[in-house]
Amino acid sequence: MAKLKERIGQTTPAQISEESFTASDKYLDGMCVFRKGRYIGGFSNLKGGRDATAEASALAAAIGKD
């Protein structure tokens, strides 16, 4: 995650799982990335006014549920 944050540049902490951040990228638009245990996930470049942080929160909540 540290290397990804470094690669992206300006990041803002988010409140998802163990570690997460939001950022803006000129190619990916708004993005949100999280780490939950051994999994890394997130969303970027969403169309239609969808919120990357909300989508990432829902994905993180679903990880590990069987």
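Residues numbered from 1 in each chain as written. Predicted model: local features only at pLDDT ≥ 70, side-chain atom pairs only at ≥ 80, totals over all residues. Heavy atoms only, no water.

Colleague: Can you help me understand the sheet that holds strand 3 (residues 29–36) in this one?
Modeller: By definition, the strands of a sheet pair up through backbone hydrogen bonds, in either a parallel or an antiparallel sense. Reading across from one edge, 1-2-3-4 is the order of the four strands in this open sheet, with antiparallel pairing throughout. Each end of this open sheet is capped by a strand with a single partner; those strands are strand 1 (11–13) and strand 4 (39–44). Shown here is a sheet whose adjacent strand axes are inclined to one another by a mean of 20°, direction ignored. Set on the sheet, helix 2 (residues 52–62) makes contact with strand 2 (19–25), strand 3 and strand 4; between it and strand 3 the angle comes to about 20°. (Pairing = 2+ DSSP bridges. Helix = DSSP H or I, 4+ residues; strand = E, 2+ residues; numbered from the N terminus. Axes fitted to C-alpha atoms, helices over the stretch in contact; angles between N-to-C directions. Contact = heavy atoms within 4.5 Å.)

Colleague: Looking at this model, I keep getting lost on the pairing of strand 4. Mind explaining?
Modeller: The side chains of a regular strand alternate between the sheet's two faces. Summarising the sheet, strand 3 and strand 4 pair through six bridges and their orientation is antiparallel. Bridge pairing links R35 to I40 in strand 4. Following strand 3, the chain reverses through two residues before pairing antiparallel with strand 4; G37 in that reversal takes a positive phi of roughly 60°.

Colleague: Honestly, helix 2 in this entry has me stumped. Any pointers?
Modeller: Every α-helix winds through 3.6 residues per turn, so residues three or four apart in the chain are directed the same way. When we look at burial in helix 2, the residues that qualify are A52, A56 and A60. One side of helix 2 carries all its buried residues, which in axial view fall inside an arc of 65°. Close packing links the buried residues of helix 2 with strand 3 and strand 4. Measuring from the side-chain oxygen of the N-cap residue of helix 2 to the backbone nitrogen of T53 gives 3.2 Å; that N-cap residue is D51. (Buried < 20%, exposed > 50% of the residue type's maximum accessible area, 1.4 Å probe, protein only. Arc of directions from axis to C-beta. Polar contact = N/O pair within 3.5 Å; in protein donor to acceptor, adjacent residues only side chain to side chain.)

Colleague: Mind showing me how you'd approach the pairing of strand 3 here?
Modeller: Judged from the seven bridges that link them, strand 2 and strand 3 form a sheet pairing that is antiparallel. Within the sheet, the bridge partner assigned to S20 lies in strand 3 and is F34. Linking strand 2 to strand 3, which pair antiparallel, is a turn of three residues.

Colleague: Please clarify how the pattern of salt bridges should be interpreted in this entry.
Modeller: Close approach of charged atoms allows side chains of opposite charge to pair. Tallied over the entire structure, the rule returns four salt bridges. The salt bridge involving K5 is made with E19; its shortest N-O contact spans 3.9 Å. With a gap of 14 residues between them, K5 in helix 1 (residues 2–8) and E19 in strand 2 connect regions that are remote in the sequence. Taking relative accessible area as the criterion, K5 reaches 28% and is therefore assigned partly exposed. The class of E19 is partly exposed, set by a relative accessible area of 26%. Members of the salt-bridge network, linked through shared partners, are K5, E18, E19 and R35. (Salt bridge = Lys/Arg side-chain N within 4 Å of Asp/Glu carboxyl O.)

By themselves, these observations are geometric and do not establish any function.
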